[in-house]
Amino acid sequence: MSELPSIDEALALVLAHAQPLGTEEVAIDEAAGRVLAADAAATVDLPPFASSAMDGFAVRAADTPGRLRVVGQSSAGRPFEGSLQSGEAIVISTGAVVPAGADAVVPVESTTAEDDRVVVGAAEPGLHVRCRGGDVRAGEPVALAGSRLGPSQVGALAASGLAAVICSRAPRVGVLATGSELRAPGEPLEPGQIYESNTYTLAAQLASAGAVAVRLATVADDEGATRAAIEQGLELDMLITAGGVSVGPHDLVRGALAALSAREVFWRVAVKPGKPVAFAVRRGTLVFGLPGNPVSSLVAFELFVRPALEALQGVHEPGPRWLPGVLSEAVNRNGVRDELLRAQSTVERDAVVLEPLVGQESHMIVRSVAADALVLVPRGDGALAAGAPVSYLRL
Ligand code: AMP
Ligand code: MG
């Protein structure tokens, strides 16, 4: 047992086989969740012109405080033509061009209107003026290669004038459930059957990892059907199978992979849950044979598959993002396998406190609903005490 690879050893083997996929241009409205493959630079200064941060009056600071003649207006998208002379003011709205000659904006709350004049309070030069290029200058990077685009990145790229960006190709990942007992949700269950859930979890995990799930039809524990389905999946960037990788007579996935010339890199890892995970490669395709128990599948994805997807997409430093926390209560350690516990996190004073859920067995997927963290309990003798520092992954 001790010769099984550790989590880190298995992960290193996975990452050694995960080469970045090619790149493609992606329209900005499709780019959320994707990984940039090239630095994206602003096409314009942002703001593109000195603009007002307030509704009010654009003035020359040197004229304030004072009573100024209102000579026109600048509203968003409709600049004032001409330049402001001494003793003059213009009505200005938020986001409108601050005209030549003006160097400050007095908010409307600090003014009194008098016919064609306005009495304004004192203003320093630059007051409520957003300078041109104050956010970013044309040509400067907005987001860097290897970063995953979230809402603020996508917004920043659009604001910088980019209609499309160069991203890593989204991995296309086959998802295959195996097991004669599996029925799709919604169908009636016959004796001995259960609902197939792993491919739904996996599809959600894949979406959150920027990958495209390609669902393959569930197969019974039948050699020919299993092999045919796996053969289809081997045409994609990655194939994830669910179930059928243990040592029972109906566990057919590894045999099918071998028959299809996929080279097994490892089978079984010193981790609980998820021990029977298999990893194989065929040409450019990575294959993860995940154990059937729903929690094992969930955990193995986070430990091995998500980092592999990051590597395929050229993410900077792929790998599980371990965070520091402390245990809420004492936890027994497993002597030979590192263990991952589903837990609920709370932030208390200066630490994230992790409370393991009741019901850690690997079939208990519904108990997982309350978990927002996976806590790593390293193998060893005895217990970890309440308050012990641990690493965890955010779910
Ligand atoms: P296996 O790894 O095929 O031996 O399956 C282990 C356990 O997980 C068994 O109780 C299976 O019924 C269950 N299981 C396997 N595949 C799935 C699936 N896709 N969805 C839900 N449970 C599954
Ligand atoms: Mg099975």
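The rules we used
- Residues numbered from 1 in each chain as written.
- Chains lettered and ligands numbered in written order.
- Predicted model: local features only at pLDDT ≥ 70, side-chain atom pairs only at ≥ 80, totals over all residues.
- Heavy atoms only, no water.
- Near = heavy atom within 4 Å.
- Polar contact = N/O pair within 3.5 Å; in protein donor to acceptor, adjacent residues only side chain to side chain.
- Buried < 20%, exposed > 50% of the residue type's maximum accessible area, 1.4 Å probe, protein only.
- Helix = DSSP H or I, 4+ residues; strand = E, 2+ residues; numbered from the N terminus.
- Arc of directions from axis to C-beta.
- Pairing = 2+ DSSP bridges.
- Axes fitted to C-alpha atoms, helices over the stretch in contact; angles between N-to-C directions.
- Contact = heavy atoms within 4.5 Å.

Description of the site of ligand 1
Neighbouring residues of ligand 1: 14 residues in total, closest Glu-181, Glu-196, Ser-197, Gly-244 and Gly-292. In the environment of ligand 1, a nitrogen atom lies 3.3 Å from a nitrogen or oxygen atom belonging to the backbone of Asn-198. In this structure, an oxygen atom belonging to ligand 1 sits 3.1 Å away from a main-chain N or O atom of Asn-293.

Notes on helix H4 (residues 223-233)
Among all positions in H4, only Thr-226, Ala-229, Ile-230 and Gly-233 are buried. Looking down the long axis of H4, one finds its buried residues gathered within 100° of arc, a one-sided arrangement.

Some points on the sheet that holds strand E6 (residues 88-92)
Across the sheet, which stays open at both edges, the 6 strands sit in the order E7-E4-E6-E5-E9-E8 with mixed pairing between neighbours. Each end of this open sheet is capped by a strand with a single partner; those strands are strand E7 (104-107) and strand E8 (111-114). Neighbour-to-neighbour, the strand axes of the sheet open up by a mean angle of 40°, direction not taken into account. In the sheet, strand E4 (residues 56-59) pairs with E6 via 3 bridges, with the strands oriented antiparallel.

Structural notes on the sheet that holds strand E21 (residues 285-290)
To summarise the sheet geometry, strands pair through backbone hydrogen bonds and adopt either a parallel or an antiparallel arrangement. In spatial order, the strands read E16-E13-E17-E21-E20-E18; together these 6 strands make up an open sheet with mixed pairing. Looking along the sheet, the strands with just one partner apiece sit at the ends: strand E16 (212-215) and strand E18 (263-267). The mean angle between the axes of side-by-side strands here comes to 20°, regardless of whether they run parallel or antiparallel. Strand direction decides the pairing type here: strand E17 (residues 238-242) and E21, joined by 5 bridges, are parallel. Bridge pairing in E21 places Leu-239 opposite Val-287. Where helix H1 (residues 7-16) meets the sheet, its contacts fall on E18, strand E20 (278-282) and E21, and the angle it forms with E18 comes to roughly 160°.

Digging into the pairing of strand E13 (residues 172-177)
The element E13 is largely enclosed, with a buried count of 5 among its 6 residues. The pairing of E13 with E16 spans 4 bridges and is parallel. Bridge pairing in E16 places Gly-174 opposite Val-214. Examined bridge by bridge, E13 and E17 share 5 bridges and lie parallel to one another. Residue pairing for E17: Ala-177 is matched across the bridge by Ala-242.

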